[in-house]
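# An overview of the molecular structure
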Amino acid sequence: MLVIPAIDLKDGQAVRLYKGDYQQQTIYSDHPEQLAETFEQAGAKMLHVVDLDGAKDGAAINLETIEKIRKHTSMKIELGGGIRNMKTVDLYLTQVGIDRVILGTAALQDQAFLKAALQKYGGERIVVGVDVKDGFVSTSGWLETSQTPYLDFIQYLESIGVRYIVATDISKDGTLTGPNFEMYDAIKKVSHIDFVVSGGIKDFANVKEVHDKGYYACIVGKAYYEKKIDLKETITCLQNESSPV
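Conventions used here
- Residues numbered from 1 in each chain as written.
- Predicted model: local features only at pLDDT ≥ 70, side-chain atom pairs only at ≥ 80, totals over all residues.
- Heavy atoms only, no water.
- Phe/Tyr/Trp six-rings, centres within 6.5 Å; stacked < 30°, edge-to-face > 60°.
- Helix = DSSP H or I, 4+ residues; strand = E, 2+ residues; numbered from the N terminus.
- Buried < 20%, exposed > 50% of the residue type's maximum accessible area, 1.4 Å probe, protein only.
- Lys NZ or Arg CZ within 6 Å of the ring centre and 35° of its normal.
- Axes fitted to C-alpha atoms, helices over the stretch in contact; angles between N-to-C directions.
- Parallel < 35°, antiparallel > 145°, perpendicular 65-115°, else oblique.
- Left-handed = near helix turned anticlockwise from the far one by under 90°.
- Contact = heavy atoms within 4.5 Å.
- Salt bridge = Lys/Arg side-chain N within 4 Å of Asp/Glu carboxyl O.
- Polar contact = N/O pair within 3.5 Å; in protein donor to acceptor, adjacent residues only side chain to side chain.

This part takes up the packing of aromatic side chains. Taken as a whole, this structure holds eight aromatic pairs when the rule is applied. Each ring, one from Tyr 28 and one from Tyr 225, has its centre 4.7 Å from the other, and the planes form 20 degrees; the classification is stacked. With a gap of 197 residues between them, Tyr 28 in strand 3 (residues 21-29) and Tyr 225 in helix 10 (residues 222-225) connect regions that are remote in the sequence. Residue classification places Tyr 28 among the partly exposed residues on the basis of a relative accessible area of 23%. Looking at Tyr 225, the relative accessible area reads 10%, which means it is buried. Ring geometry for Tyr 224 against Tyr 225: centres 5.3 Å apart, planes inclined by 75 degrees, an arrangement best described as edge-to-face. Linked through ring pairs, Tyr 28, Phe 39, Tyr 224 and Tyr 225 together constitute an aromatic cluster. Between Lys 56 and the ring centre of Tyr 22, over which it is positioned, the NZ or CZ distance is 5.4 Å. Looking at Arg 100, its charged tip hangs above the ring of Tyr 164, at a distance of 4.1 Å from the centre.

Here it is in structure tokens:
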């Protein structure tokens, strides 16, 4: 299992939202690139970065900050938020040097684009974010909810060659109330896709449960920033050295 620390970007700062609400944010750092260095020193192999402004507006809003982060760490980086056309995919994967991009809104609304991106870059570099609200896939920075059941969507993604998804229960994100393990167990039952547990991780015990269930990875965000979890200790204890990144 991989333990993946997260940096959410808004206006060039590292922030966390509460349940995806842009009006309920906490700023944690004016220098996200320094956070990335700290995470690498703790033993993280991969960093999860989200351009929150990009997710809302559909553009590479925090590009300059993302480039700084890339230059300050040798960790692999997966990046999501506002990636809705091939030009932006190419920008991040070939020019900025991001390792994986996460398609969210576009993966649901423009399936021809998703398939083209998979064909061009493969399932190792094209990840899909499955953001769930009341059992349905949410889009546009979590501001809109579709009529697509999340399990149906995940089965479809697997059928077209998606290898990795980041699955988030929006009602849990930023709450420190524990992940929605029922949702992840349901995914495991209907699919063989590797998924990243995202949203709600509150302590070491949560991460250990992800590990014990044999899931691929989990994201640690607010629990780190609020000092509920020792990232280095958690990685040392639970991250498998053989985990693929």
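Next comes the rest of the write-up.
At a closest axis distance of 8 Å, the pairing of helix 1 (residues 32-41) and helix 3 (residues 63-72) adopts a crossing angle of 30 degrees. Considering the angle they form, helix 1 stands roughly parallel to helix 3. Like other packed secondary-structure pairs, helix 1 and helix 3 cross with a definite hand, here right-handed. Contacts between helix 1 and helix 3 involve Pro 32, Glu 33, Ala 36, Glu 37 and Glu 40 on the former and, on the latter, Thr 65, Lys 68, Ile 69 and His 72.

Scanning the model with the defined rule gives nine salt bridges in all. Here Lys 10 makes a salt bridge to Asp 11, at a shortest N to O gap of 3.5 Å. By relative accessible area, which is 14% here, Lys 10 ends up buried. Across the salt bridge formed by Lys 208 and Asp 212, the nearest N and O atoms sit 2.8 Å from each other. Taken as a pair, Lys 208 and Asp 212 lie in helix 9 (residues 204-212) at a separation of four residues, close to a single helical turn.

Turning our attention to helix 4 (residues 86-96). Among all positions of helix 4, only Thr 88, Val 89, Asp 90, Leu 91, Tyr 92, Leu 93 and Val 96 are buried. If you follow the buried residues of helix 4, they end up packed against strand 4 (46-51), helix 3, strand 5 (76-80), strand 6 (100-103), helix 6 (111-121) and strand 7 (126-133). A side-chain oxygen of the first residue of helix 4 lies 3.3 Å from the backbone nitrogen of Lys 87; this N-cap is Asn 85.

By themselves, these observations are geometric and do not establish any function.
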